[in-house]
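Structural features, examined
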Amino acid sequence: MTVPTAFSKTLKITPKLAEKLAKLGVRTDQDILLHIPLRYEDETRLTPVADLRLGQFAQVQVRVIEHTVQFRPRRQLVVTTVDDAGETLVLRFIHFYGTQLAAFRADALIRVQGEARHGFFGMEMVHPRYQSVTEDTPLGETLTPVYPTTDGLSQSAWRKLMAKALDEVHLPEILPRNVLGDGWPTLQAAVQLLHAPPPDVNPAALTERDHLAWERIKFEELLAQQLSLTQAKLKRRSELAPQLMAQDDLLKRLIAQLPFSMTGAQTRAWAQIQTDMESGHPMHRLLQGDVGSGKTVLAALACAQCVSAGRQAAVMAPTEILAEQLYEKLKGWFTPLGISVAWLASSVKKKAKSETYAALTDNQIHIIVGTHALIQDAVHFHDLGLAVIDEQHRFGVAQRLALRQKMQESVEGQRNPQYDAPHQLMMSATPIPRTLALSYFADLDVAVLDELPPGRTPVVTKLIDQKRREEVIDKVAYQVAQGEQVYWVCPLIEESEALELQTAIDTHAALSAALPDLNIGLVHGRMSAVEKREVMASFVTGETNILVATTVIEVGVDVPNASWMVIEHAERFGLSQLHQLRGRVGRGALHSTCVLLFEKPLSATAKARLKIMYDTTDGFEIAREDLRLRGPGEFLGARQSGLPLLRFADLEKDLALLEDARDAAEWLLANNPAAAQAHLQRWLAQREHFLAA
Ligand code: ADP
Ligand code: MG
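Residues numbered from 1 in each chain as written. Chains lettered and ligands numbered in written order. Predicted model: local features only at pLDDT ≥ 70, side-chain atom pairs only at ≥ 80, totals over all residues. Heavy atoms only, no water.

Here we look at the domain arrangement of the chain
- Annotation of the chain at the domain level lists domain 1 (9–40 + 146–208), domain 2 (45–139), domain 3 (250–449) and domain 4 (459–616).
- Computed from C-alpha atoms alone, the centre-to-centre distance between domain 1 and domain 3 is 47 Å. (Domains from an automatic or database assignment.)

Considerations on the environment of Leu 258
- With respect to the helices and strands, the residue Leu 258 is situated in the loop between α7 (250–257) and α8 (264–278).
- On the basis of relative accessibility, which here comes to 9%, the residue Leu 258 falls in the buried class.
- When the C-alpha atoms of Leu 258 and Trp 333 are compared, they prove to be 7.5 Å apart, with 75 residues separating the residues in sequence. (Helix = DSSP H or I, 4+ residues; strand = E, 2+ residues; numbered from the N terminus. Buried < 20%, exposed > 50% of the residue type's maximum accessible area, 1.4 Å probe, protein only.)

Thoughts on helix α1 (residues 15–23)
- Listed as buried for α1 are Ala 18, Leu 21 and Ala 22. The buried residues of α1 occupy an angular sector of 100° when the element is viewed end-on, so they sit on one face. Across α1 from its buried face, at more than 90 degrees, point the exposed residues Lys 16, Glu 19 and Lys 23.
- In the core, the buried residues of α1 are packed alongside α3 (155–168).
- A positive backbone phi angle near 80° is found at Gly 25, which sits one or two residues after α1. (Arc of directions from axis to C-beta. Contact = heavy atoms within 4.5 Å.)

Re unusual backbone geometry
- Cis geometry marks the peptide bond from Lys 600 to Pro 601; its omega dihedral reads 0°.
- Looking at where Pro 601 falls in the secondary structure, it is placed in the loop between β21 (593–598) and α18 (604–615).
- Non-glycine residue Lys 12 carries a positive phi angle of around 50°.
- The phi angle at Arg 209 is positive, at roughly 60°, despite the residue not being glycine.
- Along the chain, Arg 209 turns up in the loop between α5 (203–207) and α6 (212–238).
- Its relative accessible area of 17% is what places Arg 209 among the buried residues.

A closer look at the packing of aromatic side chains
- Overall, the coordinates contain 8 aromatic pairs when judged by the stated rule.
- Between Phe 93 and Phe 104, the aromatic rings sit 5.5 Å apart at their centres with planes inclined by 35°, giving tilted as the arrangement. With Phe 93 in strand β4 (residues 88–93) and Phe 104 in the loop between β4 and β5 (109–119), the pair connects residues that are 11 residues apart, well separated along the chain.
- Taking the relative accessible area as the measure of exposure, Phe 93 reaches 2% and is therefore buried.
- Here the aromatic rings of Trp 184 and Phe 219 are separated by 5.0 Å at their centres, their planes lie at 55°, and the arrangement is tilted. A residue pair is termed long-range when its members are at least 10 positions apart, and Trp 184 in the loop between α3 and α4 (187–195) and Phe 219 in helix α6 qualify at 35 residues.
- What makes Trp 184 buried here is its relative accessible area of 7%.
- Over the ring of Trp 214 we find Arg 209, and its NZ or CZ is 4.9 Å from the ring centre. (Phe/Tyr/Trp six-rings, centres within 6.5 Å; stacked < 30°, edge-to-face > 60°. Lys NZ or Arg CZ within 6 Å of the ring centre and 35° of its normal.)

Overview of the packing of helix α10 (residues 320–334) against helix α16 (residues 529–540)
- Relative to each other, α10 and α16 sit at 55°, their axes nearing to 10 Å. Taken together, the axis directions place α10 and α16 in an arrangement best described as oblique. Relative to α16, the crossing made by α10 is right-handed. The segment α10 lies against α16, with Glu 320, Ile 321 and Glu 324 engaging Ala 529, Lys 532, Arg 533 and Met 536.
- A class-by-class count of the residues in the contact of α10 with α16 yields 3 nonpolar, no polar and 4 charged. (Axes fitted to C-alpha atoms, helices over the stretch in contact; angles between N-to-C directions. Parallel < 35°, antiparallel > 145°, perpendicular 65-115°, else oblique. Left-handed = near helix turned anticlockwise from the far one by under 90°. Nonpolar A, V, L, I, M, F, W, Y, C, P; charged D, E, K, R; others polar.)

Quick look at the sheet that holds strand β19 (residues 546–549)
- Ordered by their spatial adjacency, 6 strands build an open sheet running β16-β21-β20-β17-β19-β18, and the pairing between neighbours is parallel. On the outer flanks of this sheet lie β16 (460–465) and β18 (520–523), each paired with one strand and no other. Going from strand to strand, the sheet's axes swing by 20° on average, the running direction of each strand aside.
- Where β18 lies against β19, 4 bridges are found, and the strand directions are parallel. Bridging from a neighbouring strand, Val 523 pairs with Ala 549 of β19.
- Each of β17 (485–489), β18, β19 and β20 (562–567) touches α16; the most contacted strand, β19, lies at about 145° to it.
- Contacting β16 and β21, α18 crosses the sheet at an angle of about 145° to β16. (Pairing = 2+ DSSP bridges.)

Structure below.
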């Protein structure tokens, strides 16, 4: 594939080099300068061998004792050296030339740069850089930048290219002064400093990215992100969707027959959702609420509004178990009101499926609930008005696009050019920390359920060593004798689905043997949808006492009588997973307990995770910690693929800059759209790089 690039002749970039640069999103002169170092190596000082730290870059100065070529385990050059404190450092080279050996004659003084690791004889470095020096050879005066790069493009090639580009390329200032911070350098000065830091710059300010030059770059990056998200939001606001005005008292009747009254948070969220649906522009709202906060009611209200306005609603969930539960709930609420609710999943038999397709196109179905099966080609709505997506982070861009198309082709299978998109209500139990809501999710409108329905008793969490598993089994038997129900979650085995399945089967067998009088069920991902449904149904009715499960029960399952949960090898699960799992208990008035069985030794992160689970049940707090421990990737899920990840800014640390960037984006789009476009253009190459990755 040839990529169009546009470099000045004077930079002497060969087609081959251009191809490599293109892989990194570098296609123009300016892109070269915007290829900012990811980190720095400090060659301004020497580290004594005794102070070397595992895996950390360091520069040492040592004298060669001897070098030998060894043949075991493979041919390699081993250079034994000693520093002036008498500490030994071994250098190891797998690839080497005879000509290199001269530098390693006995007593030669060399300066070495690399990462230390533990070797057989103490610290060693594998393939370090090195130079022959004398006692007087001066140290470097400045930090050495390290560039993100690709195969066959060395750091020294980058440094040479950058030196030339810094001389020849000019980065015109695009942003007006008023959106920039006080004392910030021009973009040209900022990149100059970051690529070739002068000796008087505080090294810590560079490596910690605190320097004003870094601030400028981080702002540029955040601004590009804010501009593209804000633009997406504005574009959507200019699109058309049907105005869904309720035509009868369906909503009132639905609310009247709910077995509870809505919480304040539910009422507030509903007001926002209803306003969106009546606006005539596609709703694009994320309803965020912790597990058990009562999101399903809002899905039902939105469906009622849509149906009352004379259009069809679709409700989609990522798994059959989840979709099924939604279906049962909605059917229970709507059937008495004369509204038809239908079910569609891939497990539905062919004949029933085609009947459902026909009924849908024929406008005999008001609300359809299902899995991905809802967006298959064969599905044609009569006039889709609303799509509700549960656990939205499990769906990707492609699926949302598919839903859009279902809207456009509505009206008796004809393309419906009048409207651009259906209203979308996305629901998520993964709370999004504020920093992420402001950044990656800035194109969404968000409604938050920040209040749990009344009468819940918080789940008590216990951390218990796996060694005491027998005691836990006894305790579980006791709870069951009290009429309670128990989830028993099997360990997550990431490497092998087959092994995970086997463990679940074994656990089920072992528990059944240990507790022969109890009814013990098993549910796992390899069962057919029908089998799963039967197992779940028997647990819901209380016939099954203990449900052994893999993580298929992770989200959405609602069995209020289940008040105990045991999670085996809890140390293997991620925080949000544990939180979701634990959210399956504590749904009724019963006091609930979640036992996290762990096996030692625990890694530091595993320990931190278990401690957080023990300390709090607050989903937002857990999410914040999760973000801190793992970075934003997990939260973004399928969204990630369509969005540039931030490379320089750190959401936690740079919240203030993020807020400035958001304000600046709004101001620019309103007052200086030309600058906004130019800024996006400038940083677009980087973005395409991430889209391709
Ligand atoms: P989630 O937000 O996890 O999807 P659900 O919608 O499944 O939560 O609701 C959890 C439980 O709380 C359900 O049993 C539901 O009937 C109940 N519930 C929802 N709203 C209220 C409320 N306002 N008052 C009492 N119970 C409620
Ligand atoms: Mg739910």
